[in-house]
Structure formats: structure tokens, C-alpha cells
Amino acid sequence: MKKIILIALIVFPIFGFSQSKKITLREAIKVAQEKSPDYKVNRNINQRSYWRFRNYKASFLPQLRLNATLPEYNNAVRRITNDEGQDVFVNQDQLVLEGGLSLSQNIPYLGGTLSVYSNLERIELFGLNDNIGYSVVPFSFRYYQNSLFYNPYKWDKKIEPLIYEESRRDFVEKMEQISLNTCQRYFSLLKAQMQLNIAEVNLAAQDTLYEISKGRFRMGKIAENELLQMELTLLNSKNSVTTNTIALKLASQNLARYLELSTENIELDIPVELTAFDVDVNKALEEAQNNRKSVIEFRRQRLEAEKELARVKGSNKIEMSLNANFGISQNGSEFNTLFDNFNKQQNVSLSISMPLFDWGVSKSRRKMAEADLDLVNNNIDQSKQAFEQEIYLHVLNWSNQRDFLFTSEKAKEVATKRYNISQKRYVLGKITITDLNIALQERDKAVLDYLNSLENFWQDYYILRQLTLYDFINDKKIEVEDVLYD
């Protein structure tokens, strides 16, 4: 494949910094994806999504619980109803010991919960001879379903896996966002270093030219106005050094804190090489639709709206719930006799609730849910259009950005050569200080424009990766190593 060699021949070598940490752009991105605050937040969000999905899957597995009261002691006067239906006050002094096991299982295809439990209870009344009672439930089956017309488990089975997959893709997208954030901080520091270096070199050059101008003024070769102009240029150069020193300090702090480096004295390499590749719009759209979280997000939003509509319809007119229980039990004063001649313990109840006249409340709820579903569908359609348009425009911008980079690099070389010639001609007295300052400003602007183009080039590269989650250089989907869950 062809190589695009980005020859970063900035005229002035970077010097004047007490650098103790050398780092390239790719190294900075790797560090940021392991240590930056954005990575830590991204990792925590991803972990939460992982454990949410684990919790969802575990909710459909049998749940075994131990329930016990060890012990419960009561000594008080209580009001009870006797066999004759009279309320009397009695002194109750008793010790209760109770324990049991329960096993429950959610039934996703029905929308209810099936459970089986066993229980043993011992009650001892103090102050009376041999007044000890036992109660046992060897087993009891119970089925409960809140609504016969709405099954939340069916909808969760569709939605929860989408939420988990959406979080996984979101993790990869945010890792690419970390690359972009690092790129911005990296070039901010690189430009700050370069601008300070240019300012220092310009100051040294202006100081030399000022001394030459003073000698030429004493010899009567230039007017005082030109000497004053040169002195003003020298003062402006000093101010520029001060301003850029402060900007460099701020940019160094931003990058060092983001990467959690132990020093703010950082030496940066100028990114100079990137393998050439072309991006087809249809390929970019295809990869984005296969890899981005937005596609999953659209499906999840539609299903959530459909779920709410199903819930409203299921409980809008007739609400029915089912509660069934089947088991055996026994009680007595002797523990050894508890397991003989069990008593039946059976009951079934079907609850029905239906509004007879509600002033249109049921209808309005259903209409609101239908309107919400239509709104979600419309928003999804618009989001899809914006999704495709963003990718199309960025692919077009990526193709143009390479041309901008080559043009700005050529402009930098031309402006630098012109300034060098102008500087020599000024020393020979063939041009005025105004012409020299114009050449200086154009050179400095061309150098900065080149750095800006280089920054835009690399930012657009990482934006392209983020929009498609595809590595066009290596022609493969971007994968992030699985997070280790503690």
C-alpha cells in the first residue's frame, strides 16, 4: 500500500524545555485507555451493565432461601377473640422458634412465579405445664401471576440482552472517544511547545536585528521611525514568549493529569506517518450499522415503547391475577406425631378487576401509550437519517483533509523560505522592516496552520474510527479487550 509521509519539517527544533518524559501520540493514547479518568468512568459503567445482565439471567434460575426466627419472645397482655366470638385480654408469655426453606422459580413463558416451601414452628407457653405446640408444613406449592394479559418476562427477554449489547458497544465507542480526547490534548501541548519555541527564536532574531538597526541608525542609513518599529517588534516578541510560556504550562498540566503522568515536562514526537487508505461510503455505513450502539439503541427504544403499550392494554380494561396453593400441614403437642395424617392445604383464587365507568381514563392511557410509540418511531427514523448523514459527511471530509494537509505543508515550506530570504535582504538594506515583519507573520501563521491541519487530520482519523468502530488500515472490526470483573 502507498504510504502518506507527513514530513513535519518545522523550521525550528524544539528546545528550551527540561524534558524528562518522551511520548508519542500512539503511546499517549494507550496510556489514556488504561489510566485516564474517562477510562475509569467507562470501565465502571461497563461493569455495572455486566452485573445488571448477570442479575437478569440469575432471576430466571431457582432461588433457594432460608427463613428463620431464632427466637421470638413475647410477654405482654394481648386482646384475642375466643371461640364464642368475644374479645378478651390474656397474659401471653411465650417463646417462638420458627424455620423454613423456600425455593422459587420465575416462569418466563407464563409471566408468573412458582414456589415451594416447607416450615417448622415451635411455640412454648411459660407458666403452664407441658404447654408446647408444634406446627409443620412439609411442602406447599404456590403459583402467583399478577396479570393474565401482560407478561413482563417476555419483554425483558427481548430488551435486557439488547441493553447489555448496547453497553458493550458503548464501551468500545467511548474507548475511541478517549483516543480523540487524548489527540486533542496531545496537539494542544505540541502546538504550545512549538509556539513558545517560535517565540523564543523570534525573540533572539529580533534582538539581533535590533542591534543591527541601531548601528545602521547611527550611521544614518535608516530613519528613527524604522528603528522604533524594530524596537516595538522586539517588545512584542518578549510579550509573546511570556504568553506562550503560560499556555505551555496549562497544556502540559492538562495532558499530564489526563495520562496520570508523574511529571509535566513532556517531550512530544510529531506524528509523521500514516498508512494510506481510502474509505468507501457504503463500506463505512455497513460497518457502522454492524458495530455502532445506535442500531441496538433504536431497537431497544422501540421495544420499550411496545412493552409499555402492552402493559397498558393488559391492565386497561380487565385486570386478572391468579394465586394458587397446594400443600399439606399438621400441628400438635408431640413432635413425633407431626408427620402422621396430614391435613390438606389447598386454595385457588382468581381476582378480577374491571372499570365500569372511568370517564375515559382507560382509553386516554392507551392513546398516550400509542402516541408515545409513534413518537419513538418518528424519532428513530430521524436519528437514522442523521446517523447516515454524519458518516457520509465525515467520509467526504476525511478525503478532503488529506489534501488540506499537503497544501498547508507546502505553504509552510514556501513561507519559511520567503522569510529566510527577506531576513537576508533586510540585513543588506534592500527591504524595509515592514516587509520583514509581514514575511515573519506569514511564516508563523503558515507553521501554525500546518500544525492545525495535522491535528485535524489525526482527529478526523479517530472520529472515523469512532463513527464506524472499524480499523480501515488493518481492515478489521475494532475490538477492545474484555474487562476483568472482580
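These figures come from a predicted structure and were not determined experimentally. Numbering of residues begins from 1 in every chain and follows the order in which that chain's sequence is written. Since the coordinates come from a predicted model, pLDDT governs what is reported: local features require at least 70, and pairs of side-chain atoms require 80 or more to be given and counted, while whole-chain, interface and lining totals use all residues. The side-chain quantities take in all heavy atoms of the structure and omit both hydrogens and water.

A. Inspection of the pattern of salt bridges at higher detail. Every case where a carboxyl oxygen of Asp or Glu lies within 4 Å of a side-chain nitrogen of Lys or Arg is listed as a salt bridge. Under the defined criterion, the tally for this structure stands at 23 salt bridges. One salt bridge in this structure joins Glu455 and Lys191, with 2.8 Å as the shortest N-O distance. Pair noted here: Glu455 is in helix H8 (residues 433-468) and Lys191 is in helix H3 (residues 152-218), with a separation of 264 residues, a long-range link. For the pair formed by Glu455 and Lys191, the shared burial category is buried. Residues Arg443 and Asp444 are paired through a salt bridge, measuring 2.5 Å at the closest nitrogen-oxygen approach. The cut-offs for exposure are 20% and 50% of the maximum accessible area for each residue type, with area from a 1.4 Å probe on protein chains only; residues under the lower value are buried, those over the upper are exposed, and the others partly exposed. Residue class for Asp444 comes out partly exposed when judged on its relative accessible area of 21%. The network of salt bridges with shared partners includes Glu165, Arg168 and Arg169. Here a strand is any run of E in DSSP of at least two residues, a helix any run of H or I of at least four, and the numbering for each starts at the N terminus.

B. Geometry of the environment of Phe406. Checked against the element boundaries, Phe406 lands in helix H7 (residues 361-427). The partly exposed category is assigned to Phe406, whose relative accessible area is 36%. Sequence separation between Phe406 and Ser453 is 47 residues, and the spatial gap between their C-alpha atoms is 8.9 Å.

C. Region of interest: helix H1 (residues 25-35). Considered for burial, the residues of H1 that qualify are Leu25, Ala28, Ile29 and Ala32. Buried residues of H1 fall within an arc of 100° about the axis and therefore sit on the same side. Along its buried surface, H1 packs onto strand S2 (21-23), helix H2 (37-58), H3, helix H4 (224-259) and H8. For this quantity, the arc is that covered by the directions from the helix axis to the C-beta atoms. Note on contacts: a residue pair is in contact if any heavy atoms of the two residues lie within 4.5 Å.

D. Fine view of helix H6 (residues 293-314). By definition here, a helix of n residues has an expected span of 1.5 Å times n minus one. End to end, H6 covers 31 Å across 22 residues, agreeing with the expected 32 Å (1.5 Å per residue, within 8%). Among the residues making up H6, those that are buried are Ser294, Ile296, Glu297, Phe298, Arg300, Leu303, Ala305, Leu309, Val312 and Gly314.

E. Layout of unusual backbone geometry. The residue after Leu70, namely Pro71, is reached through a cis peptide bond having omega -20°. With a phi close to 50°, Leu469 is a non-glycine residue in the positive phi region. Within the fold, Leu469 resides in the loop between H8 and strand S11 (470-471). Not every positive phi belongs to a glycine, and Asp475 is a case in point at roughly 55°. The topology assignment puts Asp475 in the loop between S11 and strand S12 (476-477). Among the residues examined, Asp475 registers a relative accessible area of 53% and is labelled exposed.

F. Fine view of the side chain of Ser179. Relative to the helices and strands, Ser179 is located in helix H3. Among the residues examined, Ser179 registers a relative accessible area of 2% and is labelled buried. When residues no more than four places from it in sequence are discounted, the contact partners of Ser179 are Ile29, Gln33 and Tyr462.

G. Local environment of the packing of aromatic side chains. The rule is short: rings of Phe, Tyr and Trp, with Trp giving its six-membered ring, pair when the centres are within 6.5 Å, and they are stacked under 30 degrees, edge-to-face over 60, tilted in between. One pass over the structure, following the stated rule, counts 15 aromatic pairs. Arranged with centres 6.2 Å apart and planes meeting at 85°, the rings of Phe457 and Trp458 form a pair that is edge-to-face. Trp458 carries the same exposure label as Phe457, and that label is buried. Ring plane angle 85° and centroid distance 6.0 Å describe the contact between Trp458 and Tyr461, whose orientation is recorded as edge-to-face. One end of the pair is Trp458 and the other is Tyr461, both in helix H8 and three residues apart, which spans about a single turn. Accessibility assignment for this pair places Trp458 and Tyr461 in one class, buried. Within the aromatic cluster, the residues linked to one another by ring pairs are Tyr50, Trp51, Phe53, Tyr56, Phe60, Tyr153 and Tyr164. The ring of Trp155 carries Lys158 above its face, with NZ or CZ at 4.8 Å from the centroid. Here the guanidinium or amino end of Arg185 rests over the ring plane of Tyr258, the centre of that ring lying 4.1 Å away. Two conditions define a charge located above a ring, namely a distance within 6 Å from the ring centre to NZ of Lys or CZ of Arg, and an angle within 35 degrees of the ring normal.

H. Main features of the packing of H1 against H3. Axis geometry follows a simple rule: fit a line to the C-alpha atoms, using only the stretch in contact for helices, then measure angles between N-to-C directions, giving values from 0 to 180 degrees. Where H1 meets H3, the closest approach of the two axes is 9 Å, and the angle between their N-to-C directions is 130°. Between H1 and H3, the angle is such that the two are oblique. Of the two elements, H1 crosses H3, and the hand of that crossing is right-handed. Residues Leu25, Ala28, Ile29, Ala32 and Gln33 of H1 lie in contact with H3, whose contacting residues are Met175, Ile178, Ser179, Thr182, Cys183, Tyr186 and Phe187. Residues are grouped as follows: Ala, Val, Leu, Ile, Met, Phe, Trp, Tyr, Cys and Pro are nonpolar; Asp, Glu, Lys and Arg are charged; every other residue, Gly included, is polar. For the contact of H1 with H3, the residue count by class is nine nonpolar, three polar and no charged. Roughly parallel means an angle under 35 degrees; roughly antiparallel means over 145; roughly perpendicular covers 65 to 115; every other angle is labelled oblique. Helix crossings fall into two classes, left-handed where the near helix is turned counterclockwise from the far one by less than a right angle and right-handed where it is turned clockwise.

I. A look at the environment of Leu268. By the element assignment, Leu268 lies in strand S7 (residues 266-268). Residue classification places Leu268 among the buried residues on the basis of a relative accessible area of 5%.

J. Fine view of the packing of H3 against H6. The geometry of H3 relative to H6 is characterised by a closest axis approach of 9 Å and an angle of 155° between their N-to-C directions. With respect to H6, the axis of H3 lies roughly antiparallel. Crossing angle aside, the handedness with which H3 passes H6 is left-handed. Listed contacts from H6 to Trp155, Asp156, Lys158, Ile159, Leu162, Ile163, Glu165, Glu166, Arg169, Asp170 and Glu173 of H3 are Lys293, Ser294, Ile296, Glu297, Arg299, Arg300, Leu303, Glu304, Glu306, Lys307 and Ala310. Here the residues of the contact of H3 with H6 sort into seven nonpolar, one polar and 14 charged.

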